[in-house]
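The primary structure of each chain is shown beneath.
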Amino acid sequence: MHSTPCCLIPFDRREGLSLAQAAKIAGKSVDTVRLWCLNHDIGRRVGGGSWVVSRVALTMFLDDDRRALKAYLAGSRTEQNVAPYFHRLGLDGLLRDWARSA
């Protein structure tokens, strides 16, 4: 387990959304989503640049699935309550790619 949140780690652009894309999905403002990233770790500044929001973490947050979000932020990608979000969002390929490289 990691002490710092593992949002978008390992990084793969297929999982990421811009703040504007995430705001549209959530029906909120870009500023609200940026605050969620800061307060709930659902996104991060990649390489010190632009904010990228995790599709997976955003969906968990919007579903109010605290258990899954906690596991995701701890680094789990294959736990019983985390993997279904990757499947639901059509990101099965990420799980397969990470399993092959492990």
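Residues numbered from 1 in each chain as written. Predicted model: local features only at pLDDT ≥ 70, side-chain atom pairs only at ≥ 80, totals over all residues. Heavy atoms only, no water.

Chemist: Tell me about the environment of Val53, and please be specific about residues and values.
Modeler: Tracing the chain through its elements places Val53 in strand 3 (residues 51–54). A C-alpha to C-alpha distance of 8.1 Å links Val53 and Glu15, two positions 38 residues apart in sequence. Discounting chain neighbours no more than four positions away, the residues touching Val53 are Leu8, Glu15, Gly16, Leu17, Ser18, Leu19, Ala22, Val33, Cys37, Ile42, Gly43 and Leu58. (Helix = DSSP H or I, 4+ residues; strand = E, 2+ residues; numbered from the N terminus. Contact = heavy atoms within 4.5 Å.)

Chemist: Describe in detail the nonpolar core, supporting the description with residues and values.
Modeler: Residues Val33, Ile42, Val53, Met60, Tyr72 and Phe86 are the most contacted members of the largest nonpolar core, which totals 31 residues. For this core, the secondary structure elements donating two or more residues are helix 1 (19–26), helix 2 (30–40), strand 3, helix 3 (55–62), helix 4 (66–73), helix 5 (83–88) and helix 6 (92–101). Looking at which element gives the most residues to this core, the answer is helix 4, with 5 residues. Those residues in contact with Val33 that sit more than four places away from it in its chain are Leu19, Ala22, Ala23 and Val53. (Core = buried A, V, L, I, M, F, W, Y, C linked by side-chain atoms within 4.5 Å. Buried < 20%, exposed > 50% of the residue type's maximum accessible area, 1.4 Å probe, protein only.)

Chemist: Outline the pattern of salt bridges, listing residues and values.
Modeler: Taken as a whole and judged by the stated rule, the model has 6 salt bridges. Measuring nitrogen to oxygen at the nearest pair gives 2.6 Å for the salt bridge that ties Arg88 to Asp63. Of the two residues, Arg88 sits in helix 5 while Asp63 sits in the loop between helix 3 and helix 4, which places them 25 residues apart along the sequence. A residue is classified by how much of its surface remains accessible, and Arg88, at 52% relative accessible area, is exposed. For Asp63, a relative accessible area of 36% gives the class partly exposed. In this structure, Asp64 engages Arg66 in a salt bridge whose closest nitrogen and oxygen atoms are separated by 3.5 Å. When salt bridges with common partners are traced through the structure, they connect Asp12, Arg14, Asp97 and Arg100 into a single cluster. (Salt bridge = Lys/Arg side-chain N within 4 Å of Asp/Glu carboxyl O.)

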